Amino acid sequence: MGRIILTGDRPTGKLHLGHYVGSLRNRVLLQNEGNYERMFVFIADVQALTDNADNPEKVRQNIIEVALDYLSCGLDPEKVTLFIQSQIPELHEMTQFFSNLVTVQRLQRNPTVKTEMALRGFNGDGEDDNRRGLPVGFFTYPISQAADICFCKATTVPVGEDQEPMIEQCREIVRSFNGTYKCDVLVEPEILLPENLSCRRLPGTDGKAKMSKSLGNCIYLSDDPKEMEKKVKGMFTDPGHLRVEDPGKVEGNTVFTYLDAFCEPDDFARFWPDYANLDELKDHYRRGGLGDMKCKKFLIQVLNDRLDPIRARRHAYEQDIPAVYEILRKGSEAARAVAAQTLHEMKDAMQINYFDDAALIAEQAAKYRQ
Ligand code: TRP
């Protein structure tokens, strides 16, 4: 059996450059390499609702944004099954069976859950809005995420490194299920992280550790060239690099982190032939005599070169939104068939497919017949 690749995103906002270098770009490469049996990419609306229960409209609006981001990056519905989580009810049954195999204590130790709880004020006593209580659905979402991964027996999950604890917890659930029910129905997935370290956690334009909507430091895939240019021009660099002649620092300098993440070997020949490669550019910046604005203009050219084809595809799909919903509907149907099959195998292993179980019926009949 070949690899089965699965990944997804919560529809809580448009996708940004952090998503792109952290995972999206990788997915398109994987898709085009074709070295897999099947590939699924999905929109995790049920998970988005775990901390947005009072705002389904936000989730509803962002489903199409995320779908457009996927398609515009080059995910091809002919090669990849694109679907919406809530359209696969089998996932909830799987989640229920898995939840019997996971302890509250284990969930409490999940580092991603801990961080996200603190971020959302879910660690309070529920008495006021800043110290909200913890929704059960949010607390248990790692279990539901394990169902997302297991329904198709995914072997390979390309995600950002913040998702590592989720994959680990899923692997434990798989071992526990197969062990408890003495079967090999489920498959332990592997995480697939970007090789380039600058891509694992792309900083925001303000230089803060992470690009995130709530910090207002994102460049979105759907930003037009003007917006993108404005954001790059305002980007955090080296605060000690006051005059052009001053030596500058490259480490922690957002412009250079972005160049590390986005630059390709022929970008210099195409856009800035004064330098042979990124190392030469960095050396000059370190020595002094190279202004921030020149580097930013180069970054803008590089980003436009990467984003222009994405913008063009987005524009085309935007002209036929019903077709985008149709892609998701068809994908959801296909994913559902796969989930139903796996759920059936799970129930067989648990011996709860009562009506299919002729041996059970015969045994009970013999027991009661006079
Ligand atoms: N938790 C992921 C995120 O926040 C989204 C997600 C849900 C996911 N289920 C998944 C990712 C299964 C990979 C596999 O981005």
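Just so you know, these numbers come straight off a predicted model, no measurement behind them.

Colleague: Give a description of the overall build of the protein that names residues and reports values.
Modeller: Assigned secondary structure in the protein consists of 17 helices and 5 strands. Overall size of the protein, expressed as C-alpha extent along the three principal axes, is 100 × 50 × 35 Å. Buried residues in the protein amount to 49% of all 370 residues. For the protein, restricting intrachain contacts to residue pairs at least 6 apart in sequence, the fraction spanning at least 24 positions comes to 75%. One way to put it: in the protein the 47 positive side-chain charges average out to a point 2 Å from where the 57 negative ones average out.

Colleague: Quick rundown of the pairing of strand S3 (residues 81-84)? Include the residues and the values.
Modeller: Regular strands place side chains that alternate from one sheet face to the opposite one. Burial along S3 is two-sided: the residues Thr81 and Phe83 and Leu82 and Ile84 are all buried. Where strand S2 (residues 38-43) and S3 come together, 4 bridges link them in parallel fashion. Counted as the bridge partner of phenylalanine 42 is phenylalanine 83 from S3.

Colleague: Tell me about the domain arrangement of the protein, and name the residues and values.
Modeller: As far as domains go, the protein holds domain 1 (4-202 + 321-361) and domain 2 (225-316). Its C-alpha centre places domain 1 at a distance of 35 Å from the equivalent point of domain 2. Between domain 1 and domain 2, the residue contacts involve 15 residues of the former and 11 residues of the latter. A combined buried area of about 1,100 Å² lies between domain 1 and domain 2, and 63% of that area is made up of carbon and sulfur atoms. The three residues of domain 1 that bury the most area against domain 2 are Leu17, Ser72 and Leu202, which together make up 44% of that side's buried surface.

Colleague: Could you give an account of helix H15 (residues 292-318), with specific residues and numbers?
Modeller: Over its 27 residues, H15 runs 36 Å from end to end, which matches the ideal 39 Å to within 8%, given 1.5 Å per residue. At leucine 307, H15 is bent by approximately 35 degrees, the largest bend along its length, and proline proline 309 sits one to four residues beyond.

Colleague: Explain the site of the ligand residue by residue, including any values.
Modeller: The immediate surroundings of the ligand are formed by 13 residues, with Arg10, Gln47, Gln145, Asp148 and Gln163 found nearest. With respect to the ligand, the side chain of arginine 10 contributes an N or O atom lying 3.2 Å from an oxygen atom. Bound to the protein, the ligand loses 91% of the 360 Å² it would expose on its own. Taken together, the elements giving at least two residues each to the shell around the ligand come down to strand S1 (4-9) and helix H8 (141-150). Its residues assigned to classes, the shell around the ligand comprises 6 nonpolar, 5 polar and 2 charged.

Colleague: Which residues make up the side chain of aspartate 69, and what values do they have?
Modeller: By secondary structure assignment, the location of aspartate 69 is in helix H3 (residues 56-73). Here arginine 314 takes part through its side chain, which lies 2.8 Å from a polar atom of the side chain of aspartate 69. Those residues in contact with aspartate 69, other than ones at most four positions away along the chain, are Lys14, Leu15, Leu221 and Arg314.

Colleague: Summarise the nonpolar core; cite the residues concerned and give the values.
Modeller: Counting residues in hydrophobic clusters, the biggest one holds 59 residues, and the most contacted among them are Leu17, Tyr70, Leu221, Tyr258, Leu259, Phe262 and Leu281. Split by domain, this core shows at least three residues from each of two domains, domain 1 (4-202 + 321-361) and domain 2 (225-316). Beyond its immediate chain neighbours, meaning those up to four positions away, leucine 259 contacts Leu278, Leu281, Phe298 and Leu299. By size, the runner-up hydrophobic cluster in this structure holds 45 residues, among which are Leu91, Ile143, Cys152 and Val174.

Colleague: Summarise the packing of helix H12 (residues 254-262) against helix H14 (residues 278-287); cite the residues concerned and give the values.
Modeller: Packing of H12 against H14 leaves a shortest axis separation of 11 Å and a crossing angle of 170 degrees. With respect to H14, the element H12 is oriented roughly antiparallel. Contacts between H12 and H14 pair Phe256, Leu259 and Asp260 from the former with Leu278, Leu281, Lys282 and Tyr285 from the latter. Counted by class, the contact of H12 with H14 contains 5 nonpolar, no polar and 2 charged residues.

What counts, and where the lines are drawn
- Residues numbered from 1 in each chain as written.
- Predicted model: local features only at pLDDT ≥ 70, side-chain atom pairs only at ≥ 80, totals over all residues.
- Heavy atoms only, no water.
- Helix = DSSP H or I, 4+ residues; strand = E, 2+ residues; numbered from the N terminus.
- Buried < 20%, exposed > 50% of the residue type's maximum accessible area, 1.4 Å probe, protein only.
- Contact = heavy atoms within 4.5 Å.
- Lys, Arg positive; Asp, Glu negative; His and termini not counted.
- Charge placed at Lys NZ, Arg CZ, Asp CG, Glu CD.
- Pairing = 2+ DSSP bridges.
- Domains from an automatic or database assignment.
- Buried area = accessible area lost by both parts, 1.4 Å probe.
- Expected span 1.5 Å × (residues − 1).
- Bend = angle between axes of the 7 residues up to and from the residue.
- Near = heavy atom within 4 Å.
- Polar contact = N/O pair within 3.5 Å; in protein donor to acceptor, adjacent residues only side chain to side chain.
- Areas by Shrake-Rupley, 256 points an atom, 1.4 Å probe, with all protein chains shown as cover.
- Nonpolar A, V, L, I, M, F, W, Y, C, P; charged D, E, K, R; others polar.
- Core = buried A, V, L, I, M, F, W, Y, C linked by side-chain atoms within 4.5 Å.
- Axes fitted to C-alpha atoms, helices over the stretch in contact; angles between N-to-C directions.
- Parallel < 35°, antiparallel > 145°, perpendicular 65-115°, else oblique.

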